[in-house]
Protein chains: 2
Amino acid sequence: MAESTRFSVAVHVLSVLGYLEQSGVKLVSSSQIAQSVNTNAVVIRNLMSALKKAKLVRSKEGKNGGLYLARKPSQISLQEIYSAVETEGVLSSHQKPHFAPCPVSRGMKKVFLNVSKEVDGAVAKVLHKKTLKDIVDQF
Amino acid sequence: MAESTRFSVAVHVLSVLGYLEQSGVKLVSSSQIAQSVNTNAVVIRNLMSALKKAKLVRSKEGKNGGLYLARKPSQISLQEIYSAVETEGVLSSHQKPHFAPCPVSRGMKKVFLNVSKEVDGAVAKVLHKKTLKDIVDQF
DNA sequence: CCATACTGTAACTATAATCGTTACAGTTAT
DNA sequence: ATAACTGTAACGATTATAGTTACAGTATGG
């Protein structure tokens, strides 16, 4: 499987919200955000669905509605964004059934999972230190 | 894009070579390895092509030929395996053209790349510490 | 020296994941 | 009421990856 770009789009989207918030804009519509990302508004709304579940954004429905950050950018870590939109870790194991006569084949899944967990932990540590504010301040 | 499983297959393949080497087996054919991974022999040979370029394995052609490790398992780090088979880092940025009027859109690529590099560095550090021997010893 | 069993690689097809689109129901402001 | 939004389902398009077929090249061993 090719790697997901959901995380990068999520960071982009939240950065737009954070950036405009600084300029006094309270609500941003999904189609405005879609313009910035250069994609379809529905793609943004689907992503927002995940970000809402993670309580990173809130929305106002109806006319003149839109999206806004649920917290201050300094209180949103990239790690939270990551886990909100990516279900799997950074390394993915192949999922073929094992070949019973081979001990390596039988044990591979478990062994790889341990490596995978360790890598995910290191990634989480890096992302935990960075907040959305750190990103927004660069614009 | 769905995430690549090339790394996990590469670790599996090299583990098979390392494991059998311990049992005195000098050469393993691509179809034997394919059985263990539960895939096609050509998939293995294509992967081996990358691993040969990285000088992690060698091959003997012709009848009774096969593949073998170029170095001892203790001298092969998971980091080397990773960079041999994965061209991109663990985080991938979306590649849409930017929307010129939006500063976030214009700057996003560069900003995300910095995060990406930092994450890749952390992953490399973890993988560098682990060798193929550490993996093989678990079987 | 020919049959056999391998590697190496190109070219093509199949499959699956993701993205994008259409459509429409629900909600709120004016 | 109408217009402008969000929310979500369903479907189609696109793309990445895996798998397959085919065959040339190479070494071994009878």
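This text follows the structure it describes.
Bear in mind the structure is a predicted one, so any value in this text is a computation, not a measurement.

## Looking at the overall build of chain A
Thinking step 1. Looking only at helices and strands, chain A has 6 helices and 2 strands in total.
Thinking step 2. Along the chain direction, N to C, the helices and strands of chain A fall in the order α-α-α-β-β-α-α-α.
Thinking step 3. Here the C-alpha atoms of chain A give a radius of gyration of 19 Å, more than 25% beyond the 14 Å that 2.2 N^0.38 yields for 139 residues.
Thinking step 4. Its C-alpha atoms give chain A principal-axis dimensions of about 65 × 30 × 25 Å.
Thinking step 5. Buried residues in chain A amount to 45% of all 139 residues.
Thinking step 6. A separation of at least 24 residues holds for 66% of the contacts in chain A among residues at least 6 apart in sequence.
Thinking step 7. Of the roughly 7,100 Å² that chain A leaves accessible, carbon and sulfur atoms contribute 51%.
Thinking step 8. Positive and negative charge centroids in chain A, built from 20 and 10 side chains respectively, lie 5 Å apart.

## Concerning unusual backbone geometry
One can expect most non-glycine residues to show negative phi and most peptide bonds to be in trans.
Residue and element names in this part refer to chain B.
Thinking step 1. Even without being a glycine, Asn-38 presents a positive backbone phi close to 70°.
Thinking step 2. Its location among the elements puts Asn-38 in the loop between helix H2 (30–37) and helix H3 (41–53).
Thinking step 3. Its identity as a non-glycine residue notwithstanding, Asn-64 has a phi of 65°, on the positive side.
Thinking step 4. In this structure Asn-64 comes out as exposed when scored by relative accessible area, which is 63%.

## Regarding the nonpolar core
Thinking step 1. Among the nonpolar cores identified, the biggest contains 88 residues, and Phe7(A), Ile33(A), Phe7(B) and Ile33(B) are the most heavily contacted of them.
Thinking step 2. Excluding residues that lie within four positions of it along the chain, Phe7(B) makes contacts with Leu91(A), Phe112(A), Leu78(B), Ile81(B), Tyr82(B), Val85(B), Glu86(B) and Leu127(B).

## Some words on the relation of the copies chain B and chain A
Thinking step 1. Of the transformation superimposing chain B on chain A, the axial component is 0.0 Å and the angular component is 180°, with the fit at an RMSD of 0.0 Å. The transformation relating the two chain copies, once decomposed into turn and shift, fits a two-fold axis.
Thinking step 2. In this assembly, 100% of the residues forming the interface of chain B have copies in chain A that are likewise at the interface, indicating an isologous arrangement.

## Focus: the protein's contact with DNA strand C
Thinking step 1. Inspection of the region around DNA strand C gives 26 residues, with Thr39(A), Ser30(B), Lys52(B), Ser59(B) and Lys96(B) positioned closest.
Thinking step 2. Taking Asn40(A), its side chain carries an N or O atom lying 2.9 Å from a phosphate oxygen of DNA strand C.
Thinking step 3. Residue assignment for the surface near DNA strand C shows that the elements contributing at least two residues are helix H3 (41–53) of chain A together with H3 and strand S1 (57–60) of chain B.
Thinking step 4. For the surface near DNA strand C, the element with the most residues is H3(B), which contributes 5 residues.
Thinking step 5. Of the residues contributing to the surface near DNA strand C, the split by class is 5 nonpolar, 12 polar and 9 charged.

## What about the protein's contact with DNA strand D?
Thinking step 1. Near DNA strand D there are 27 residues, and of these Ser30(A), Lys52(A), Ser59(A), Thr5(B) and Thr39(B) occur at the shortest range.
Thinking step 2. Taking Ser30(A), its side chain carries an N or O atom lying 2.7 Å from a phosphate oxygen of DNA strand D.
Thinking step 3. A distance of 2.8 Å separates a phosphate oxygen of DNA strand D from a polar side-chain atom of Lys60(B).
Thinking step 4. Of all the elements in the fold, those that place two or more residues in the surface near DNA strand D are H3 and strand S1 (57–60) of chain A together with H3 of chain B.
Thinking step 5. Of the residues forming the surface near DNA strand D, the biggest block, 5 residues, is contributed by H3(A).
Thinking step 6. Among the residues making up the surface near DNA strand D, the classes are represented as 5 nonpolar, 13 polar and 9 charged.

## Here's the deal with the interface of chain B and chain A
Thinking step 1. Contact residues are listed per partner, giving 50 residues for chain B and 51 residues for chain A.
Thinking step 2. Across the contact surface, chain B and chain A share 2 salt bridges.
Thinking step 3. Residues Glu118(B) and Lys130(A) are paired through a salt bridge, measuring 3.3 Å at the closest nitrogen-oxygen approach.
Thinking step 4. Along the contact surface separating chain B from chain A lie 10 residue pairs in polar contact (both at pLDDT 80 or more).
Thinking step 5. Taken together, the elements giving at least two residues each to the side of chain B that touches chain A come down to helix H1 (6–22), H2, helix H4 (78–85) and helix H5 (103–129) of chain B.
Thinking step 6. Broken down by element, the residue count for the side of chain B that touches chain A peaks at 15 residues, all from H5(B).
Thinking step 7. Residues that form the side of chain B that touches chain A fall into these classes: 28 nonpolar, 18 polar and 4 charged.

Definitions and limits used
- Residues numbered from 1 in each chain as written.
- Chains lettered and ligands numbered in written order.
- Predicted model: local features only at pLDDT ≥ 70, side-chain atom pairs only at ≥ 80, totals over all residues.
- Heavy atoms only, no water.
- Helix = DSSP H or I, 4+ residues; strand = E, 2+ residues; numbered from the N terminus.
- Rg over C-alpha atoms; globule rule 2.2 N^0.38 Å.
- Buried < 20%, exposed > 50% of the residue type's maximum accessible area, 1.4 Å probe, protein only.
- Contact = heavy atoms within 4.5 Å.
- Areas by Shrake-Rupley, 256 points an atom, 1.4 Å probe, with all protein chains shown as cover.
- Lys, Arg positive; Asp, Glu negative; His and termini not counted.
- Charge placed at Lys NZ, Arg CZ, Asp CG, Glu CD.
- Core = buried A, V, L, I, M, F, W, Y, C linked by side-chain atoms within 4.5 Å.
- Least-squares fit on C-alpha atoms with pLDDT ≥ 70 in both.
- Near = heavy atom within 4 Å.
- Polar contact = N/O pair within 3.5 Å; in protein donor to acceptor, adjacent residues only side chain to side chain.
- Nonpolar A, V, L, I, M, F, W, Y, C, P; charged D, E, K, R; others polar.
- Salt bridge = Lys/Arg side-chain N within 4 Å of Asp/Glu carboxyl O.

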